[in-house]
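Take a look at the letters that make up each chain.
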Amino acid sequence: MLKRKQKKRTQNYKKHLGQIPGALVYTGKKEDVKLHLHSFDYTDEDVHEKDLSSIEEAFVFKDTESVTWINLNGLNNINEIETIGKYYQLHPLLLEDIVNTSQRPKIDEYKDYMFIVLKMMYYDDEETIVSEQVSFVLGKNYVLTFQEAEGDVFDGVRDRIRHKKGRIRTEGADYLLYALIDAIVDHYYAIIETMGNKIEDLEDELFNGISQEEISQQIQNLKREVLKVRRAIFPLREIIGRIEKDPNNLIEEQTTHFFRDVYDHIIQVTENLDIYREMIWSLMDMYMTTISNKMNEVMKVLTIIATIFIPLTFIAGIYGMNFVNMPELQYKYGYYVVWAVMILIFLAMLYYFKRKKWL
């Protein structure tokens with residue numbers, strides 16, 4: 001399994017070897033996803049939602065006074081991404097980062113737009129973390145989002161736009177960007193809450209002595225999940241901090257207060273991750289201690305059994321010697337006496353061990 005994962009990573013790296021800067025090479029695994037374009041175009045009074053049948057339909061939203069959100073699913077559709085990039089005058093290196101799914105979360109500022117890459121994470125039905133790269137392009141009155149495939153964490157934002165909940169319909173594209181990023185961060189909360197429940201369950205099992213054979217694998221899986229979330233959340237602090245502190249003509253001053261709230265949430269998630277990381281290390285130590293204690297219990301039982309049989313073996317060894325002149329051998333009830341002595345020794349040692357609480 002490990003060799004197969006390393007081979008896939010190597011193949012992704014090889015896709016970039018020898019390519020000129022700005023060349024679009026999709027590095028993800030979902031290479032057969034059909035292109036899907038979805039748009040929201042809204043003002044305070046009205047909203048238009050539509051599934052776009054072609055890239056060209058997205059061109060009419062660029063210079064409108066309304067706020068537009070265009071979501072593209074299917075990063076394997078290189079030609080379509082290149083087409084929309086040319087129309088919105090996006091830098092070739094930006095487009096390269098969009099289709100490179102191993103990109104580290106980051107922010108790049110250009111003259112007329114801002115580019116942000118994040119990792120969207122959530123648990124699936126089997127409680128396995130799904131991680132997907134999401135790229136944002138913020139313009140004067142539009143937000144472009146690029147995803148690998150269908151399924152995301154933005155349903156709450158869509159519902160607020162459709163039904164005019166909150167202030168999203170009265171604010172600009174910068175507030176829409178905040179709402180989308182906030183939805184991603186909120187799902188980080190859901191992830192760490194599930195992690196906390198898993199850690200508590202494992203602690204209970206270890207404390208109650210119900211340590212199954214696969215519990216070490218569960219601890220290792222938890223450790224990998226924490227590291228995966230840390231790699232996604234730590235760069236996000238830098239991104240939000242830069243939006244909040246550095247002036248930008250695309251971000252209104254009043255919207256920076258909302259980004260500050262997101263920054264506080266990220267700090268909370270980071271602190272919880274650090275706590276869970278320490279707890280997982282403690283779980284591993286606890287597991288190893290449990291295994292050691294079980295081994296000690298087994299060794300104690302074996303030692304007690306051996307100790308009990310030492311005097312019995314001694315007596316049996318003496319009377320197993322075939323000397324002629326052994327007075328006890330001629331005794332009529334000698335056999336029964338030996339048995340009685342051995343049983344008494346056995347019971348006396350059991351009583352002694354019980355009083356010492358060794359049994």
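Note that the structure is a prediction, hence the values are computed from the model and not measured.

Here is what the cut-offs are and how they apply
- Residues numbered from 1 in each chain as written.
- Predicted model: local features only at pLDDT ≥ 70, side-chain atom pairs only at ≥ 80, totals over all residues.
- Heavy atoms only, no water.
- Helix = DSSP H or I, 4+ residues; strand = E, 2+ residues; numbered from the N terminus.
- Rg over C-alpha atoms; globule rule 2.2 N^0.38 Å.
- Buried < 20%, exposed > 50% of the residue type's maximum accessible area, 1.4 Å probe, protein only.
- Pairing = 2+ DSSP bridges.
- Salt bridge = Lys/Arg side-chain N within 4 Å of Asp/Glu carboxyl O.

S.K.: Help me understand the overall build of the protein in this model?
M.R.: When helices and strands are tallied, the protein shows eight helices and seven strands. A globule of 359 residues ought to have a C-alpha radius of gyration of about 21 Å, yet the protein, at 34 Å, is considerably larger. Dimensions of the protein, computed from C-alpha atoms along their principal axes, come out at roughly 120 × 45 × 35 Å. For the protein, the proportion of its 359 residues judged to be buried stands at 43%.

S.K.: Explanation requested: the pairing of strand E3 (residues 67–73) in the structure shown.
M.R.: Regular strands place side chains that alternate from one sheet face to the opposite one. Counting buried residues along E3, seven of its seven residues qualify, which places the element largely inside the surrounding structure. Residues of E3 alternate between two faces, with Val67, Trp69, Asn71 and Asn73 on one and Thr68, Ile70 and Leu72 on the opposite face, all of them buried. The pairing of strand E1 (residues 36–42) with E3 spans seven bridges and is classified as antiparallel. The partner of histidine 38 across the bridge, within E3, is asparagine 71.

S.K.: Before we go on, may I ask you to explain unusual backbone geometry in this structure?
M.R.: Glycine aside, the phi torsion of most residues is negative, and most peptide linkages are trans. Of note in the backbone geometry, glutamine 89 takes a positive phi value of approximately 55 degrees without being a glycine. By secondary structure assignment, the location of glutamine 89 is in the loop between helix H2 (78–87) and helix H3 (92–99). At lysine 164, a position not held by glycine, the phi torsion is positive, near 55 degrees. The residue lysine 164 is located in the loop between helix H4 (155–163) and helix H5 (173–207) in this model. Given the relative accessible area of 40%, lysine 164 is considered partly exposed.

S.K.: What exactly am I supposed to notice about the pattern of salt bridges here?
M.R.: Oppositely charged side chains are able to pair whenever their charged atoms sit close together. Applying the stated criterion across every chain, the model contains 14 salt bridges. Close ionic contact of arginine 162 with glutamate 49 constitutes a salt bridge, the shortest N to O distance being 2.8 Å. Taken together, the residues span a long stretch of sequence, with arginine 162 in helix H4 and glutamate 49 in strand E2 (residues 47–52) at a distance of 113 residues. A residue is classified by how much of its surface remains accessible, and glutamate 49, at 36% relative accessible area, is partly exposed. The salt bridge partner of arginine 230 is aspartate 274, with a shortest N-O separation of 3.5 Å.

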